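For reference, the chains in residue letters:
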Amino acid sequence: MAPPMSAGSFLDRLREEGVTVVEVGDWAHHNRNHKGPWGPVHGVMIHHTVTKGSERTVELCREGYAALPGPLCHGVVTKDGRVHLVGYGRANHAGLGDDDVLRAVIAEKALPLDNEANTDGNRHFYGFECENLGDGEDPWPPAQLVAIEKVAAALCRHHGWTERSVIGHLEWQPGKIDPRGFSMQWLRERVRDRLK
């Protein structure tokens, strides 16, 4: 069981990994903690936004919308490879997912098929939204993919996790397809190599 690191440590770990960070407003105190606990944390979840335009994407992920208030993640990875910190603490990103998947992440084993939504993922995962339309055609620039790899590795390194603690939303919640355009196996291999 891993308690979430402090916001200051989170920022430090990202910078130590070589991430270009943009702090958005009072991100360190912007959260949904009044809706339930945050932690223990067990992994890093990667999403795509289904949006276009970095400024609009960052604003949406920070503020959310009527049906889903923000923050919608901890950091937004824009196409230029910058990571915009929009919140810290409980965030509306993972939703309900499969308890068998959570057990596999904790044990750092191969993930089973996600076939139920019975466990609060917002409590247990760091979340990064990645600017992309999610249509399978919108490109993933190399700078963005490297930034995704770096944020995942930074958190794994801090907590002593392997690459198996990095999952996609599509591996957590039935019906989700994100991230689309690269495979999570490919990303985990990149994280594994970075952690060596």
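Above this text is the structure in question.
Only a predicted model underlies this, so the values are computations on that prediction, with no experimental measurement involved.

Thresholds applied
Residues numbered from 1 in each chain as written. Predicted model: local features only at pLDDT ≥ 70, side-chain atom pairs only at ≥ 80, totals over all residues. Heavy atoms only, no water. Salt bridge = Lys/Arg side-chain N within 4 Å of Asp/Glu carboxyl O. Helix = DSSP H or I, 4+ residues; strand = E, 2+ residues; numbered from the N terminus. Buried < 20%, exposed > 50% of the residue type's maximum accessible area, 1.4 Å probe, protein only. Phe/Tyr/Trp six-rings, centres within 6.5 Å; stacked < 30°, edge-to-face > 60°.

Describing the pattern of salt bridges
Okay, so step 1: Applying the stated criterion across every chain, the model contains 15 salt bridges.
Okay, so step 2: As a salt-bridge pair, E149 and R194 come within 2.7 Å of each other at their nearest N and O atoms. Pair noted here: E149 is in helix α4 (residues 142–159) and R194 is in helix α6 (residues 184–195), with a separation of 45 residues, a long-range link.
Okay, so step 3: Residue classification places E149 among the buried residues on the basis of a relative accessible area of 7%.
Okay, so step 4: Salt bridges sharing common partners tie together E17, E149, R157, R190 and R194.

A closer look at the packing of aromatic side chains
Okay, so step 1: Across all of its chains, the model carries eleven aromatic pairs by this definition.
Okay, so step 2: Aromatic side chains F10 and F128 sit 6.3 Å apart centroid to centroid with 20° between the ring planes, which places their arrangement in the stacked category. Note that F10 is positioned in helix α1 (residues 7–16) and F128 in strand β9 (residues 125–130), a separation of 118 residues in sequence. Across the pair, exposure class does not vary: F10 and F128 are buried alike.
Okay, so step 3: The interplanar angle of 65° and the centroid separation of 5.2 Å between the aromatic rings of F125 and W172 together place this pair among those described as edge-to-face. Of this pair, F125 sits in strand β9 while W172 sits in helix α5 (residues 169–172), placing them 47 residues apart in sequence.
Okay, so step 4: Taking the relative accessible area as the measure of exposure, F125 reaches 0% and is therefore buried.
Okay, so step 5: The exposure class of W172 is buried, given its relative accessible area of 0%.
Okay, so step 6: Of the aromatic side chains, those joined through ring pairs into one cluster are F10, W27, W38, Y88, Y126, F128 and W161.

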